[in-house]
Amino acid sequence: MLVKTIGKATLYLGDCLTLLPSLKADVVLTDPPYGMRLDASYANSTPNHKKGIGASKGYEAIVGDEKDFDAAPYLAALSGVAEQFWWGANYYRRHIPDGGSWLVWDKRAGMPDFDYSLSEFELCWSKKKRRQRILRRRWFGLCGTETQDVRQRVHPSQKPVELMMDCLQMAAEAKVVLDPFMGSGSTGVAAVKLGRTFFGIEIHQSYFDIACERIENAQRQERLFA
């Protein structure tokens, strides 16, 4: 296991199930691999040639994405955390307890209709019962977001930082954020921008390194503006 501390963020390279019992958090915000069986080579067709973070011919495969996701042991390990957000939970709904609420992410966010093969929205389960909400953050196909060029995408299922900030702002009292499936570190960057303490776990070395770099960059920018 490798541990790296970056400001208020502590990042772990390893298996999250072995680490979760030793970590305490106020909110879980995560996007686990849930059997989408993404063909990471499709990134070769996108303009993902920016030098620096993620400058490769394509994304590397996501560990665990080749099989259906069993969320039960992770939910059990995190049962004491009241605030939880699980992206893609509709794919592993049989493991999600009754109650809570659902968030809808509108990925088109006002873009005109056009025929495209990618999903126009995604769902997130919130453990706490709250007002049903639609989060409108553009991240559709090759279009990037309102503030982020698509060439900054470094992970096949990467979420916009602004979207993760939207979730964390719903848990305004939560000071310690945990992402057991950190991926490229979008949750960590969001936590840094909001001044929260962050624990992130990632099993894939390449994505762990990318997350470290993105979170280091976010810390540097926050110090610059402080």
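Note that the structure is predicted; figures quoted are calculated from it, not measured.

Colleague: How should I be thinking about the overall build of the protein chain in this particular structure?
Modeller: What the protein chain contains, in helices and strands, is five helices and nine strands. For the protein chain, the α and β elements follow one another from N to C terminus as β-β-α-β-α-β-β-β-β-α-β-α-β-α. Counted over contacts in the protein chain with a minimum sequence separation of 6, partners at least 24 positions apart contribute 72%. Summed over all atoms, the accessible surface of the protein chain reaches about 11,000 Å², with 52% contributed by carbon and sulfur.

Colleague: What's the story with the nonpolar core in this structure? I'm lost.
Modeller: For soluble globular proteins, the rule of thumb is that nonpolar side chains tend to be buried together. Core analysis: the biggest nonpolar cluster contains 34 residues, and Leu11, Phe85, Trp87, Phe198 and Ile215 have the highest contact counts within it. When contributions to this core are tallied by element, the ones reaching two or more residues are strand S2 (9-13), strand S3 (27-30), strand S4 (83-87), strand S5 (101-106), helix H3 (161-170), helix H4 (186-193) and helix H5 (205-225). The greatest single-element share of this core, amounting to seven residues, is contributed by H3. Beyond its immediate chain neighbours, meaning those up to four positions away, phenylalanine 198 contacts Lys8, Ala9, Thr10, Leu11, Val177, Asp179, Met182, Thr187, Gly188, Ala191 and Ile215. Judged by nonpolar contacts, the second largest core, of 24 residues, contains Ala25, Tyr34, Leu78 and Phe199.

Colleague: What exactly am I supposed to notice about the sheet that holds S3 here?
Modeller: Adjacent strands of a sheet form backbone hydrogen bonds with each other and so pair up, either parallel or antiparallel. Here nine strands make up an open sheet; going across it, the order is S1-S2-S9-S8-S3-S4-S6-S5-S7 and the pairing mixed. Edge positions in the sheet fall to strand S1 (2-6) and strand S7 (133-136), since each of these pairs with one other strand and no more. Here the strands of the sheet are splayed against their neighbours by 20 degrees on average, with no regard to which way each runs. Pairing between strand S8 (residues 176-179) and strand S9 (residues 197-202): four bridges, direction parallel. Among the inter-strand pairings, aspartate 179 is bridged to a residue of S9, identified as glycine 200. Running over the sheet, H3 touches S3, S4, S5, S7 and S8 and is turned about 155 degrees from S4.

Colleague: Any chance you could explain the pattern of salt bridges here in plain terms?
Modeller: Close approach of charged atoms allows side chains of opposite charge to pair. Evaluated as defined, the whole model comprises nine salt bridges. We note a salt bridge from glutamate 120 to arginine 108, for which the minimum N-O separation is 3.1 Å. Of this pair, glutamate 120 sits in the loop between S5 and strand S6 (121-126) while arginine 108 is found in the loop between S5 and S6, placing the two residues twelve residues apart along the sequence. Judged by its relative accessible area of 36%, glutamate 120 is partly exposed. The closest approach of N and O atoms between lysine 159 and glutamate 122, which form a salt bridge, is 3.2 Å. Residue lysine 159 is found in the loop between S7 and H3, and its partner glutamate 122 is found in strand S6; the two are separated by 37 residues along the sequence.

Colleague: What is the right way to read the confidence of the model for the protein chain from this model?
Modeller: As a general rule, the predicted coordinates of low-pLDDT regions are not to be interpreted in detail. Mean pLDDT over the protein chain: 85, with 81% of residues reaching 70 or higher. Here residues 42-57 scores under 50 on pLDDT; set against residues more than four positions off or in separate chains, the count is 27 contacts.

Rules used throughout
Residues numbered from 1 in each chain as written. Predicted model: local features only at pLDDT ≥ 70, side-chain atom pairs only at ≥ 80, totals over all residues. Heavy atoms only, no water. Helix = DSSP H or I, 4+ residues; strand = E, 2+ residues; numbered from the N terminus. Contact = heavy atoms within 4.5 Å. Areas by Shrake-Rupley, 256 points an atom, 1.4 Å probe, with all protein chains shown as cover. Core = buried A, V, L, I, M, F, W, Y, C linked by side-chain atoms within 4.5 Å. Buried < 20%, exposed > 50% of the residue type's maximum accessible area, 1.4 Å probe, protein only. Pairing = 2+ DSSP bridges. Axes fitted to C-alpha atoms, helices over the stretch in contact; angles between N-to-C directions. Salt bridge = Lys/Arg side-chain N within 4 Å of Asp/Glu carboxyl O. pLDDT = per-residue confidence, 0-100.

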